[in-house]
Amino acid sequence: MIRSIEELVKSAEKRGCKISTVVRELEAKYTGSTEEELFKKMRSYFDVMKEAANRGVAAEIRSISGITGGEGRKMWNAAGSALAGSTVAKAAARAMAVSNVNASMGKIVAAPTAGSCGILPGSVLTVGEKLGKSDDEIVDSLFTAAAVGRIIALNATIAGAEGGCQAECGAASAMAAAAVVELAGGSPRQAAHAVAMALKAVMGLVCDPVAGLVEVPCIKRNAMGAAQAILAADMAMAGIESVIPADEVITAMKEVGRMMSDRLKETAMGGLAVTPTGKNLSEKI
Amino acid sequence: MNLFDIIGPVMIGPSSSHTAGAVRLGNMARNILGEEPRRARIVVYNSFAKTGRGHGTDKALIAGLLGFAPDDERIRTSFEEAGKRGLVYELVAGEDDDSLHPNTALFVLEGNTRKTEVAGCSIGGGRVKITAIDGFEVDFSGEYPTIITVHRDRPGIVARVTTHLAEKGFNIAQMRVSRKTKGEQALMIIETDEPLPEGIKEVLESIEDIYRILIILPA
């Protein structure tokens, strides 16, 4: 199993292929499944992602608690006039749409977690659409994302309770950044720089769910995570490099997570969860 | 770690630990009972007790007991489904307990012929761990094909089971034996790499002094 971003990049470079190609081949060897089986499974996961994104932009979906709802739909309607441009706005809209479906007890794919489930689909669906990519090409890019997520899980954490929101939305954003670079035809090395830049952008981010629920601030952070992934990919493909290599950023993220107080790690005892409004909402539920 | 542990599981939101993990805990408790549960008392602890309602943890635990998968749309309406299936349940919040994992549940289950008590916790990303069965301390995830035996604590039983597996070409990934008192009842958990062969349950059940065999297959 590939355990570092550097190893991932080098093995793709050596073969002169995309990261996803290496990942799928190795995973087939590791699990005993065929590449076709793996692709088919990823394809079925992609279909769930797409359906959730479509549902959440087509209608205002309310959460079970009633605290949030409709963010995906609202942003989708405003995407045409968005200052950030329609790609970022649509990616953000889809990210929130998936997150809205999640908070309504709808069907989603944890990527890597349910709290961060909108970032990857929001990014790859929107970039894929803009670049006219086929669904199969987008599914391919998910293997790259998954490999990045696994390296983060192996060397740091993808659990908010252990590492804070940087471990969930940060990992998702890094995964999406690598997938977007690959979709857009960037190099494996550029994908690694995009991973580093996306993760650096949220270093130290607290996990502070209001009333303990995966809604506030999670839904909006999914939008930000998608926007950051796309910008990190653009930066990397513009030739900007992360001074600190991705693997070192991942280790730093782990250390920052370790240093963070437990109050800031999914306990609803710090950050936005203990603001006057946060506490009020908590009492109402 | 499988790639689909990172992208995946496909699940009903909103929380992989509080919803998907809770469904899987219910699934495991149901499998350990080994028949349709008729009565269930579920005690939830710590974070499960505090933020469970908003995350649908209560609905998810019941859905799991009914055998629904973590991506089953009926999780949202599991209380009604329980009514239809004749499952009488009670959900109780336990006292805060720092010695327990933050997301812990204890199931006290009754089926038509059996009773069991299963404790487990949701450890993140939808993954779970079973920590006790009928008062025996255990530690397994249900991610591998798992064999659980309840047997008399005497020499030779463990060897007979493992020999049988070895003869069939099965590699044991992890194994643990526990007992409450020497010479009385013991419990053995074996996790294997490969899917288990047909008929393994019957073969192992025929071994003298094995009272009960449970086979738990990964979801």
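Residues numbered from 1 in each chain as written. Chains lettered and ligands numbered in written order. Predicted model: local features only at pLDDT ≥ 70, side-chain atom pairs only at ≥ 80, totals over all residues. Heavy atoms only, no water.

**Student:** So, the overall build of chain B: which residues are in play, and what are the values?
**Tutor:** Along its length, chain B carries 7 helices and 11 strands. Referenced to the eigenvectors of the C-alpha coordinate spread, the extents of chain B come out at roughly 50 × 35 × 35 Å. When the 219 residues of chain B are sorted by exposure, 51% land in the buried category. For chain B, the proportion of contacts with a sequence separation of at least 24, taken over those separated by at least 6, is 69%. Just so you have it, chain B exposes about 9,600 Å², and 46% of that area is on carbon and sulfur atoms. Of note, chain B has its 26 positive side-chain charges centred 3 Å away from the centre of its 31 negative side-chain charges. (Helix = DSSP H or I, 4+ residues; strand = E, 2+ residues; numbered from the N terminus. Buried < 20%, exposed > 50% of the residue type's maximum accessible area, 1.4 Å probe, protein only. Contact = heavy atoms within 4.5 Å. Areas by Shrake-Rupley, 256 points an atom, 1.4 Å probe, with all protein chains shown as cover. Lys, Arg positive; Asp, Glu negative; His and termini not counted. Charge placed at Lys NZ, Arg CZ, Asp CG, Glu CD.)

**Student:** So what's going on with the UniProt feature "domain: ACT" (unreviewed entry) in chain B? Residues and values would help.
**Tutor:** In the numbering used here, UniProt assigns the feature "domain: ACT" (unreviewed entry) to residues 146–218 of chain B. Along residues 146–218 of chain B the backbone is 23% helical and 41% strand, and the end-to-end C-alpha distance reaches 8 Å. (UniProt positions renumbered as here; feature names shortened; annotations may be inferred.)

**Student:** Residue-level account of helix α1 (residues 5–15) of chain A, with values.
**Tutor:** Residue and element names in this part refer to chain A. Every buried residue of α1 is listed here: Ile-5, Leu-8, Val-9, Ser-11 and Ala-12. Angularly, the buried residues of α1 cover 165 degrees about the axis, an arc narrow enough to put them on a single face. Turning to α1, the residues buried within the fold contact α2 (19–31), α7 (135–155), α10 (188–200) and α12 (246–259). Looking one or two residues beyond α1, the residue adopting positive phi is Gly-16, at roughly 65 degrees. (Arc of directions from axis to C-beta.)

**Student:** Can you break down the environment of Asp98(B) residue by residue, with the values?
**Tutor:** Residues and elements named next belong to chain B. Inspection of the secondary structure assignment puts Asp-98 in the loop between β3 (88–93) and β4 (103–110). In this structure Asp-98 comes out as exposed when scored by relative accessible area, which is 80%. Note: C-alpha distance between Asp-98 and Leu-196 (98 residues apart in sequence) is 37 Å.

**Student:** Just give me the short version of helix α5 (residues 86–103) of chain A, but keep the residues and values in it.
**Tutor:** All names here are of chain A. Spanning 18 residues, α5 covers 25 Å between terminal C-alpha atoms, matching the ideal 26 Å at 1.5 Å per step. For α5, a buried count of 15 out of 18 residues is recorded, marking the element as mostly surrounded by other parts of the structure. Met-105 sits one or two residues past α5 and shows a positive phi near 60 degrees. (Expected span 1.5 Å × (residues − 1).)

**Student:** Any details on the sheet that holds strand β7 (residues 136–140) of chain B? Residues and values, ideally.
**Tutor:** Residue and element names in this part refer to chain B. Spatially, β3-β2-β4-β5-β6-β7 is the arrangement adopted by the 6 strands of the open sheet, whose pairing is mixed. Of all strands in the sheet, those bounded by a partner on one side alone are β3 and β7. On average, each strand axis in the sheet is tilted by 20 degrees relative to the strand beside it, whichever way the strands run. With 7 bridges joining them, β4 and strand β5 (residues 115–124) adopt antiparallel strand pairing. (Pairing = 2+ DSSP bridges. Axes fitted to C-alpha atoms, helices over the stretch in contact; angles between N-to-C directions.)

**Student:** Break down the pattern of salt bridges for me, with residues and values.
**Tutor:** All names here are of chain A. Taken as a whole, this structure holds 32 salt bridges over all chains when the rule is applied. For Asp-140, the salt bridge is made with Lys-18, and the minimal N-O distance between the two is 3.8 Å. Of this pair, Asp-140 sits in helix α7 while Lys-18 is found in the loop between α1 and α2, placing the two residues 122 residues apart along the sequence. Judged by relative accessible area, which is 36%, Lys-18 ranks as partly exposed. Counted as one network, the salt bridges with shared partners bring together Arg-43, Asp-47, Lys-50, Asp-135 and Asp-136. (Salt bridge = Lys/Arg side-chain N within 4 Å of Asp/Glu carboxyl O.)

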